[in-house]
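Examination of the molecular architecture
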Amino acid sequence: MVIKMKVDGLLFDPRSGMYILLLKAVDGEETLPIWIGKPEADSIALALGKVVTPRPLTHDLLKNVIEELNMSVAKVIVHEIVDNTYYAMLYVTDGKAERPIDSRPSDAVAVALRTNSPIYVEETVIERRNTDELEEWLKNLKPEDFGNIM
């Protein structure tokens, strides 16, 4: 079973120097933080802010190619976690059949935001993430520990 999610925030983690993409269930309390790189965080932030760049960036290019091929993005599904690495699929469709494309979650979300496509997470991914470690880490944070980029 999949859970429909939305981007709830983008945060900077100064301890790791990484960014955190925070997904939250549309109809529920489930959350999924995913540590991502700066280029992907920048791309997601631009999409969230509806910023149009003078020339297409990589995720804009992918969106343009999909549309030029008379296809659309049907959905994104974060479907697996292995050794703290998340895996996602970007599903494109020509209106007749959906085709899955392997993707990093951050790239898939960046494209989904540009195409207004739904984002889902497999329930098993939510269940399998290391909740004890995550909850302890979040509990000890103070607002000044983060630089919120969204």
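Note that this is a predicted model, so its numbers are computed, not measured.

Another point: the packing of aromatic side chains. Scanning all chains against the criterion turns up one aromatic pair. Their ring planes at 55° and their centres at 4.9 Å tell us that Phe12 and Tyr19 sit as a pair that is tilted. You can call Phe12 partly exposed: its relative accessible area is 24%. Above the plane of the ring of Tyr91 lies Lys75, whose end atom (NZ or CZ) is 5.0 Å from the centre.

Another point: the nonpolar core. The tendency in soluble globular proteins is for nonpolar side chains to be buried as a group. Core analysis: the biggest nonpolar cluster contains 32 residues, and Met5, Leu21, Leu23, Leu32, Ile36 and Val121 have the highest contact counts within it. The element contributing the most residues to this core is helix 3 (residues 105–115), with five residues. In this structure, Leu23 is in contact with Met5, Lys6, Val7, Asp8, Glu30, Thr31, Leu32, Ile34, Ile119 and Val121, ignoring residues within four places of it in sequence.

Rules used throughout
- Residues numbered from 1 in each chain as written.
- Predicted model: local features only at pLDDT ≥ 70, side-chain atom pairs only at ≥ 80, totals over all residues.
- Heavy atoms only, no water.
- Phe/Tyr/Trp six-rings, centres within 6.5 Å; stacked < 30°, edge-to-face > 60°.
- Buried < 20%, exposed > 50% of the residue type's maximum accessible area, 1.4 Å probe, protein only.
- Lys NZ or Arg CZ within 6 Å of the ring centre and 35° of its normal.
- Core = buried A, V, L, I, M, F, W, Y, C linked by side-chain atoms within 4.5 Å.
- Helix = DSSP H or I, 4+ residues; strand = E, 2+ residues; numbered from the N terminus.
- Contact = heavy atoms within 4.5 Å.

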